[in-house]
Each structure stands twice: as C-alpha cells, then as structure tokens.
Amino acid sequence: MNLLFSLIGAIAISLLWMWIFRKLGVLDKPGNDLKNTRKPVPTILGVFVYLGFFGIVAVLFPEYLGNNLFWGLMIGSFPIVLVQLLDELRYIDKIKFSLPSWIRLLSHILGAILAVYIGGFQGQEILIGSWKWMMPQWFFAIFFVIWSILCINAINWFDGIYAQASWVSSVGFLTIFLLIKYVVFQHFTVFTEANLVTLTLVQNLSLVLFALSLVSTIVEYKPLALLRDVGIMFFGFSLAYLSIAGGAKIGTIVVVLSLVIFDAIWVGFYRIFVMKKSPLKGDYTHLHHRLLGLGWNRKEIRAFVWIFSLIMMILMLMQEANRINKIWIFLIMALVFFGVNYYLFLVKKLPCGLKLEKNN
C-alpha cells in the first residue's frame, strides 16, 4: 500500500511540476549536444524529486520528521541540490551568474559531512573472520565523502541517454528495499530496538525513492520532461547514504550497479592515463558513448542497461546472506568489465566513445 501511495504521489507531483514549469517557461535548451535533438520540454524536475520526497515521507511516515537519519539525508543533500539548481538555471539563461566548478565539488564534500554528523553516524565496525576493527567517526566521514562522490558522479555520468540514470537509480533503491525486507529481516532474528527502527526507516525511504525514480524513468523516456543534474545527483547521494544507513550494503550496491560504478572508474583512469586530462573534464567516453561508437542504437543500449541491472539485482538477492558468493560475483564482474574494455579499446584500438565537442 505504501508503494501505491508513493507512486500516486510521485505521478501527481511530477504532472504538477511539469505544468508549472511549462507555464513559467522553465524549458531545456536543445542545441548541438548529443542528447538535445528535439523540442524543448520542462526541465530541472529534480526539484520535484527533492521536494516530493519530503512531501511523500511527511504524509506516509510523519514520525520520520523527528528522526536524525531522515534529516541527515535531507540536509546533507541540500547543498548539492541548491548548487545544481543554480547551475541549471544558468544553463537555461534564467540567471546570469555562473558558479565555478570547484563549488560543485565543495557542495558534495559539505553535503557528505553534514549527512554523517546530522544523521548521527558513528564509526562502522569492520569484521573479517575473527578480526574486528571499529572505524573512528572522522575516518568514516572521509570514507563517506569518497563513497558519496563516487555514487553521485557515477549515476550522473550515466545520464547521456534518457531514462538511463533514473532507471539504474530505481534498481538501486529497489535492491536496498528488498535486501532489508527479504534478506536482513528473514535471516537475522535478533535486533535491538534502535536497529529495528533504523532498518525500517531505510526500507521505507528506499521504497519512496524507488517510486520517485521509477516515475522519473517514465517521464524521461520520451522525454516528457528532464530531471537534469538536480534530481540525478540527489538519487546518487541518496543511494550512497541509504546503503550505509542500512548496515553497509555497499558491496551489494556496487555489484547491482556495476555497469555504472565500474564505468565511472574506467572513464576516470582513461582520462588521466590515456587522454592526459582531468577526470572531471566532460567528454563522450562513457559506456553508452562507447557502445554508440561501436554501432549500437539508443534503444539497444537502454535495454541492455535495464536488463543487466535487473539480472544483477536478482542474482545478488539470490545469494541472501552469503558474503563469499557476493565477493566472487563482484570480482568476476570487475574482471569481465575491465578485461573487455581493455581488450576492445586499448588492444584492438576501437573507438572509445564519440568524437564530439562537449556542449556545456
């Protein structure tokens, strides 16, 4: 029932924002960029994702408005949402000033630190066999900064084909929800009251975000409207945050979203060591660009990403609480992904992306 209400709320809010933005002329700016080849549509609907998330949670789970974990996500993501909103408004000429690129990175770092301290995260316990280590909070804060920046940019960099980033986000949120509901609660029977509250909160927030990202996928498919970086980066940050809050489900999320995360790693190293430039300088060398360069069309790429993500989610959930199998799947996936890319683009010298100018 919560899923149904979340979907209804997400649809209603998105339709409302699309109508308002069309009336206000908040439309994207089609140009010569790879993906801007159609009539203008309402843009920056990521604003509805952020505000809609708060609204749906306030209606369905009002008790969470007094929970630090919820506010850690809302306040932690606010600097990211604000900076990206200003950047997108400048892009469509609604404001005249532009923010330097380092401000975006600073917003990511600030958001991660705020999330850790407002969310009340303590140092995580690392357990390998009989060896145990309690990670200090300051060390955990540094780790979360790195993890959240990786998730944010990995998801955002996959936004080169409509409905791709929103779909992989929905698979990520669905994975966290199903993992807690059908693995954690089914295979572990002893919980403290605090753990039970936390797990239930993460499960429910993941469900709401799944509904929002699924509706976003439908909205962006044609597209009827665009989320842009405001919404996509909020999804990426939320995945990073909930994967930690839910009890360090990082390994599962990495494998389920392996195409996204491994691609971000590949592109980063490729830009540094092959192209000899900053890994943050945009171009068309991501997975979908490489597949386009190999002759795939957008529908084939989107279907591949959608189906692969679902298969990996099902495969990881089937392992239930078996960590060894999950580690093996992770290692095999990494070997296959980087091995195939190395062979095709460094050994065979096939086109590693598209030779186009990045339209900022």
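See the structure printed just above.
Predicted model only: the values in this text are computed from it and were never measured. Position labels on residues start from 1 in each chain and follow its written sequence. For this predicted model, a pLDDT threshold of at least 70 governs which residues receive local features, and a threshold of 80 or more governs which side-chain atom pairs are given and counted, while totals over whole chains, interfaces and linings are taken from all residues. Side-chain numbers come from the whole structure's heavy atoms, not from hydrogens or water.

A.B. asks: Please explain the overall build of the protein chain as it appears in this structure.
C.D. replies: The secondary structure listing takes helices from DSSP runs of H or I that are at least 4 residues long and strands from runs of E that are at least 2 residues long, numbered from the N terminus. A count of helical and extended segments in the protein chain gives 13 helices and two strands. For 360 residues, the compact-globule estimate of 2.2 N^0.38 gives 21 Å, and the C-alpha radius of gyration of the protein chain, at 20 Å, lies within 12% of that figure. Structurally, the protein chain occupies a C-alpha span of about 55 × 50 × 35 Å along its principal axes. Any residue under 20% of the maximum accessible area for its type is buried, any over 50% is exposed, and the rest in between are partly exposed; the area is computed with a 1.4 Å probe on protein chains only. Per-residue burial over the protein chain gives 53% buried out of 360 residues. Whether two residues are in contact is decided by their heavy atoms, any of which lying within 4.5 Å being enough. Residue pairs in contact within the protein chain that sit at least 24 positions apart in sequence constitute 74% of those at least 6 positions apart. Only the protein chains shown count as cover for residues, and the accessible areas themselves come from Shrake-Rupley with a 1.4 Å probe. When the accessible area of the protein chain is evaluated, it comes to approximately 16900 Å², of which 69% is carbon and sulfur surface. For the charge count, each Lys or Arg is scored as positive and each Asp or Glu as negative, with His and the chain ends excluded. To locate a charge, take atom NZ for lysine, CZ for arginine, CG for aspartate or CD for glutamate. Charge separation in the protein chain, taken as the distance between the mean sites of 29 positive and 16 negative side-chain charges, equals 6 Å. Only the C-alpha atoms count toward the radius of gyration. The rule for a globule is 2.2 Å times the residue count to the power 0.38.

A.B. asks: What exactly am I supposed to notice about the packing of helix H6 (residues 164-187) against helix H8 (residues 228-245) here?
C.D. replies: Geometrically, a packed helix pair is captured by the angle between its two axes and the distance between the axes. Relative orientation of the contacting elements H6 and H8 amounts to 20°, with a least axis distance of 10 Å. With respect to H8, the element H6 is oriented roughly parallel. Viewed along their axes, H6 and H8 form a crossing whose handedness is left-handed. Contact with H6, carried on its side by Ala165, Ser166, Ser169, Gly172, Phe173 and Ile176, involves Ile232, Phe235, Ser238, Leu239, Leu242 and Ser243 of H8 and no other residues of that element. In terms of residue class, the contact of H6 with H8 is made up of seven nonpolar, five polar and no charged. The angle between two axes is taken between their N-to-C directions and runs from 0 to 180 degrees, where each axis is a line fitted to C-alpha atoms and a helix contributes only its stretch in contact. Oblique is the label for every angle not falling under 35 degrees (roughly parallel), over 145 degrees (roughly antiparallel), or within 65 to 115 degrees (roughly perpendicular). By convention, the crossing between two helices is left-handed when the near helix turns anticlockwise from the far helix through less than a right angle, and right-handed when the turn is clockwise. Put simply, Ala, Val, Leu, Ile, Met, Phe, Trp, Tyr, Cys and Pro go in the nonpolar bin, Asp, Glu, Lys and Arg in the charged bin, and everything else, Gly too, in the polar bin.

A.B. asks: Even after reading the chapter, I still don't get the packing of aromatic side chains, so can you show me in this structure?
C.D. replies: Centre distance and the angle of the planes are the two values used to describe a pair of aromatic rings. Two aromatic rings from Phe, Tyr or Trp, using only the six-membered ring of Trp, form a pair when their centres are within 6.5 Å; if the ring planes differ by under 30 degrees the pair is stacked, by over 60 it is edge-to-face, and anything between is tilted. Using the criterion set out here, one finds 30 aromatic pairs in the structure. A centroid spacing of 6.4 Å and a plane angle of 40° characterise the contact between Phe140 and Phe143, whose relative ring orientation is tilted. One end of the pair, Phe140, and the other, Phe143, are both in helix H5 (residues 137-157), three residues apart, so they sit about a helical turn from each other. An angle of 50° between the planes, with centres 6.1 Å apart, marks the rings of Tyr221 and Trp306 as tilted. Of the two residues, Tyr221 is situated in helix H7 (residues 193-221) and Trp306 in helix H12 (residues 298-318); the sequence distance between them amounts to 85 residues. For Tyr221, a relative accessible area of 39% translates into the label partly exposed. Residue Trp306 is classed as partly exposed on the basis of its relative accessible area of 21%. In this structure an aromatic cluster arises from ring pairing among Tyr50, Phe53, Phe54, Phe70, Trp71, Phe78, Phe173, Phe234 and Phe235. The rule is short: NZ of Lys or CZ of Arg within 6 Å of the ring centre and within 35 degrees of the ring normal puts a charge over the ring. Taking the ring centre of Tyr182 as reference, the NZ or CZ of Lys181 above it sits at 5.7 Å. Above the face of the Trp157 ring, Arg271 is positioned so that its terminal group lies 5.2 Å from the ring centre.

A.B. asks: Please explain H8 as it appears in this structure.
C.D. replies: A turn of α-helix holds 3.6 residues, and therefore any two residues three or four places apart point the same way. Compared with an ideal rise of 1.5 Å per residue, which puts 18 residues at 26 Å, H8 spans 26 Å between its outermost C-alpha atoms and is within 8% of the ideal. The buried fraction of H8 amounts to 18 of the 18 residues, a majority that puts the element mostly inside the structure. Here a helix's expected span is defined as the number of its residues, less one, multiplied by 1.5 Å.

A.B. asks: For this particular structure, what's the right way to read the packing of helix H3 (residues 68-91) against H8?
C.D. replies: The interhelical angle for the contact between H3 and H8, taken along N-to-C directions, is 160°, at an axis separation of 8 Å. When the interaxial angle is binned, H3 and H8 end up roughly antiparallel. Both H3 and H8 take part in a crossing whose hand is right-handed. Along the contact surface, H3 presents Asn68, Leu69, Gly72, Leu73, Gly76, Ser77, Ile80, Val81, Gln84, Leu85, Glu88 and Tyr91, while H8 presents Arg228, Asp229, Val230, Met233, Phe234, Phe237, Ser238, Tyr241 and Ala245.

A.B. asks: Looking at this model, I keep getting lost on the nonpolar core. Mind explaining?
C.D. replies: What tends to happen in soluble globular proteins is that the nonpolar side chains get buried as a cluster. Counting residues in hydrophobic clusters, the biggest one holds 111 residues, and the most contacted among them are Phe53, Phe144, Trp147, Leu205 and Leu257. Looking at which element gives the most residues to this core, the answer is H6, with 13 residues. Within this scheme, the nonpolar core is defined by two criteria: the residues are buried Ala, Val, Leu, Ile, Met, Phe, Trp, Tyr or Cys, and they are joined through side-chain atoms within 4.5 Å.

A.B. asks: Whenever I open this one, the pattern of salt bridges confuses me. Can you help?
C.D. replies: Once the charged atoms of two side chains with opposite charge are near each other, the side chains can pair. A pairing counts as a salt bridge when a side-chain nitrogen of Lys or Arg comes within 4 Å of a carboxyl oxygen of Asp or Glu. As enumerated under the stated definition, the model contains seven salt bridges in all. Here Arg290 ties to Asp263 by a salt bridge, and the two come within 2.9 Å at their closest N and O atoms. Within this pair, whereas Arg290 is found in helix H11 (residues 287-293), its partner Asp263 is found in helix H10 (residues 258-274), the two being separated by 27 residues in sequence. Like Asp263, Arg290 is buried. Between Asp283 and Arg271 there is a salt bridge, with the nearest N and O atoms lying 2.8 Å from each other. Of this pair, Asp283 sits in the loop between H10 and H11 while Arg271 sits in helix H10, and the two are twelve residues apart along the sequence. The pair formed by Asp283 and Arg271 is uniform in burial state, with each residue classed as buried.

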